[in-house]
Amino acid sequence: MSNPLQQTIEALAKEKGIEPDVVISAIEEAVATASRKYYKTGENLKTRFNMETGQVDLFALKQVVQDVTNPATEIALDEAKQMYRQLYGDEVANSIELGDEMEFPKPTEVLGRIAAQTAKQVIFQKVREAERENIFSEYNQRVGDVVSGAVKRFENGDIILEIGRIEAVLPRKEQSRAESYTPGDRVRSVIKGVNRSAKGPQIVLSRTDPALLIKLFEQEVPEIYDGTVMIRGAVREAGDRAKVAVFSRERDVDPVGACVGMKGTRVQSIIRELRGEKIDIVEWSEDAIAFVTNALSPAKVQRVSIVDDRERVMEVIVEDKQLSLAIGKKGQNVRLAAKLTGWRIDIKSEEEKRREVEAQFEGLEAAVDETATETEAVDDAPEEPSAESAPPFSLAGVGDKTVRKLVEGGFGSIEAVAGATIEQLSEIPGIGEKTAEKILAAARGESLAADSTAADPQELS
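Scope of this entry: the structure provided in the associated data block. Think of each chain on its own: its residues are numbered from 1, step by step along the sequence as written. Whole-chain, interface and lining totals are the exception, using all residues; otherwise, since this is a predicted model, local features are given only for residues with pLDDT of at least 70 and side-chain atom pairs are given and counted only at 80 or more. Calculated side-chain values reflect all of the structure's heavy atoms, with hydrogen atoms and water omitted.

1. Things to note about the environment of Lys 81
Strands are runs of DSSP state E lasting at least two residues, helices are runs of H or I lasting at least four, and both sets are numbered from the N terminus onward. Structurally, Lys 81 is set in helix α3 (residues 77–88). In this structure, the C-alpha to C-alpha distance between Lys 81 and Ser 95, residues 14 residues apart in sequence, is 8.5 Å. Throughout, a contact is declared for two residues whenever any of their heavy atoms are within 4.5 Å. Not counting residues up to four positions away in its chain, the partners in contact with Lys 81 are Ala 93 and Ile 96.

Below, the structure is given as structure tokens:
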């Protein structure tokens, strides 16, 4: 670019981070807008930037017709040929046909100061819109990336950071409670999102998102950056504790050791960046039990059992002295482990489990004893009166139901029963040999008692 206007366009485009064509398009539209305000003829005005002269040419577009009905937008064929012959010569003029759209130059020098001011405003507006769209597109593609910025000011608890040539906001809810800053401090944050607003795109940052932790590990651990070690999950309670699950794609590479580094140098660098946030690095496993066991680190787990596979519930047993460590401060350790693994974890100590098992056994024994007692009570209980008619006689220690069987078997009186044999009584359905002996003894005893009662009056007389 040689002329001053072209140099200005190039400098403006470079400063705003936009293409020169965007600036040229803005200038063309600005001159067109100013021209319409000046001429007010209703003509179809068009502008075109001349790369050779560095000027914006203005044209009135008119369609070639046989009969003109609107002089502002139409022109007769003969008139068009005559005007073009004066401007471009006979060859161009003779090539004009009906239906062609012709361009007729108009002067721009007459636009004046007001038109120039209007053009300036349009240019700035278009350039600003292009700049905003450019920023939105650029940072919308970088969501999840880590950026570094300087603290510029504070607004109602939010921190405004200066990232290169733009400003970004770190909202209060995305700030770690363990951190505090002063103007000028350098802060690394992860881009959480980009919002459109009346003032332009608003870039929202975060210091609490797990994505920040993952990106920091990618920057500090070469094995993660090259894909040898993979991060399969990360959870945080910003400022307090975080857990990261890692997995190695090569058997010879220890994923936890790679992330920790020699004497903890790698993870310590990340801990410093997060202002002392504790980080548990655990090995990921396809086996849910093994993964949950690892996720409860630093606590030592005795055993794990799946309570409900569908609802994803596990019971974890730890030594009594490990219980508080496994649960963590205000339940933080088990809470993070549950979020990392996706399982609901019920932690119990050995003593708690032992008491629970004992209580279950005691309850089972009590239920068995109660059942046995109820069975004995049923067996010993006298037979309740039936709706059936009472038997014709009764025998001590023999129920009415058995007496009815005797009657049905042909033994309708005590004397008949007493005169029977054990074999005869045993033949009756439902009466066994031992029962027959008992019945016979009872019947003969009552029969003897009846005989002695009958003999007494004769002796008295």
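2. Some points on the pattern of salt bridges
Basic side-chain nitrogens of Lys or Arg form a salt bridge, by our definition, when they fall within 4 Å of a carboxyl oxygen of Asp or Glu. Enumeration over the complete set of coordinates arrives at 33 salt bridges. In this structure, Arg 153 and Glu 155 form a salt bridge, with 2.8 Å as the shortest nitrogen-oxygen distance. Residue exposure (1.4 Å probe, protein chains only): buried if accessible area is under 20% of the type maximum, exposed if over 50%, otherwise partly exposed. By relative accessible area, which is 31% here, Arg 153 ends up partly exposed. Residue classification places Glu 155 among the partly exposed positions, given a relative accessible area of 36%. Where Glu 174 meets Lys 192, a salt bridge forms, and the shortest distance between an N and an O atom there is 2.7 Å. Remark: Lys 192 occurs in strand β8 (residues 186–195) and Glu 174 occurs in the loop between β7 (166–170) and β8; sequence separation between them is 18 residues. Of the residues examined, Glu 174 reaches a relative accessible area of 7% and is grouped as buried. Under the relative-accessibility criterion, Lys 192 is labelled partly exposed at 40%. Within this structure, Glu 138, Arg 142, Asp 145, Lys 215 and Glu 218 form a network of salt bridges that share partners.

3. Re the sheet that holds strand β14 (residues 313–318)
Two strands qualify as a pair provided that DSSP identifies no fewer than 2 bridges between them. If you walk across this open sheet you meet the three strands as β13-β14-β15, and the pairing is mixed. The sheet is open, and its two borders are formed by β13 (303–308) and β15 (344–349), each paired with just one other strand. On average, adjacent strands in this sheet sit at an angle of 25 degrees to one another, irrespective of strand direction. Bridging between β14 and β15 involves six bridges; their strand directions are parallel. Opposite Ile 317, over in β15, you have Lys 348 as the bridge partner. Axis definition: a line fitted to C-alpha atoms, over the contacting stretch in the case of helices. Angles run 0 to 180 degrees between N-to-C directions.

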